[in-house]
Amino acid sequence: MADFSAQDVQKLRQMTGAGMMDAKRALEETGGNMEDAARWLREKGLAQSAKRSDRAAEQGAVSVANTGSVAAAVELRCETDFVAKSPDFVALVEDLADAVATKGENAVKENISVGRVVRFEAPQGAVLDAYLHIQNERGVNGVLVELQGGDQALAHELALHIAFARPEYLTRDEVPAEEVEKERQILEAETRNEGKPEQAVPKIVEGKLAGRFFAERVLLEQKFVRDPKQTIKQLLGDAKVTRFAQVEVGR
């Protein structure tokens, strides 16, 4: 009998959105292996698309700074929520973000627990935006966006979208080939389990890759959160996102 606990079943449910009995059976079928069980559920059509749910949440705060030509985002980590939302802690991470923007990544102090540090220095003609989502009295989700051919309002709309939609890549070409192939194999198994004609499987799988996999992970292919009738690529028009970064507490 597979060796797993009730906590394992609950974790698998949280990862996949599957029901309790389906999660339990998946662990039984895969010898208690969490990753294999998640894949089994997806192949059977019993789980949602794989997301970044395996990343453990930690405590801390995020801050952003934008001088107009340089933008920065800094995550400062700690052990408790109480410390994370204290005025002194929030002020410290704000000071660090300002220092990184004006002096560079090496401006952060070495004797504190710093998470991700990102700095964008904009080339001529580019527009920067830095957005910070506040929760429980401190920043928890910071986004930087660099845009060519657009204005500040558009850059800000994109930053808001990224904070909510959490894209992992800018374009489809950036997604690792092995990740795409792994997803394709899962979708092939899922489609066959749905009873689709074999000759139709390749076309259906490519449609699922575009409509689910890439549309969830790739910024330009995501639906704009304020208007799902258009993609981010359509929203941009002639403008171009040259890069973006998201710094979120615990991720």
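Parameters at a glance
Residues numbered from 1 in each chain as written. Predicted model: local features only at pLDDT ≥ 70, side-chain atom pairs only at ≥ 80, totals over all residues. Heavy atoms only, no water. Helix = DSSP H or I, 4+ residues; strand = E, 2+ residues; numbered from the N terminus. Areas by Shrake-Rupley, 256 points an atom, 1.4 Å probe, with all protein chains shown as cover. Pairing = 2+ DSSP bridges. Axes fitted to C-alpha atoms, helices over the stretch in contact; angles between N-to-C directions. pLDDT = per-residue confidence, 0-100. Contact = heavy atoms within 4.5 Å.

## Quick word on the overall build of the protein chain
Across its full length, the protein chain carries 9 helices and 8 strands. Expressed along its principal axes, the backbone C-alpha trace of the protein chain runs to roughly 55 × 45 × 30 Å. Working note: accessible area of the protein chain is about 13,600 Å², and carbon and sulfur atoms make up 47% of it.

## Re the sheet that holds strand β5 (residues 138-148)
Strand order in the open sheet made by the 3 strands is β4-β5-β8, with antiparallel pairing throughout. Of all strands in the sheet, those bounded by a partner on one side alone are β4 (126-135) and β8 (240-248). On average, each strand axis in the sheet is inclined to that of its neighbour by 15°, with strand direction left out of account. Of the pairings in the sheet, the one linking β5 to β8 comprises 8 bridges and is antiparallel in character. By the bridge assignment for β8, glutamine 148 is matched with lysine 240.

## Overview of the confidence of the model for the protein chain
When pLDDT is averaged along the protein chain, the result is 89; 94% of the residues meet or exceed 70. The least confident element of the protein chain is helix α1 (residues 6-16), whose mean pLDDT is 83; the most confident is helix α9 (residues 232-236), at 97. Per-residue pLDDT stays below 50 along residues 52-57; that stretch engages in 8 contacts with residues further than four places along the chain or on separate chains.

## Structural notes on the sheet that holds strand β2 (residues 70-78)
Strand order in the open sheet formed by 3 strands is β1-β2-β3, and the pairing between neighbours is antiparallel. Of all the strands in the sheet, just β1 (59-66) and β3 (114-121) have a single pairing partner and so form its edges. Geometrically, the sheet is characterised by an average inter-axis angle of 5° between neighbouring strands, direction not taken into account. Here β1 pairs with β2 via 8 bridges, running antiparallel. Following the sheet pairing, valine 64 is matched in β2 by alanine 73.

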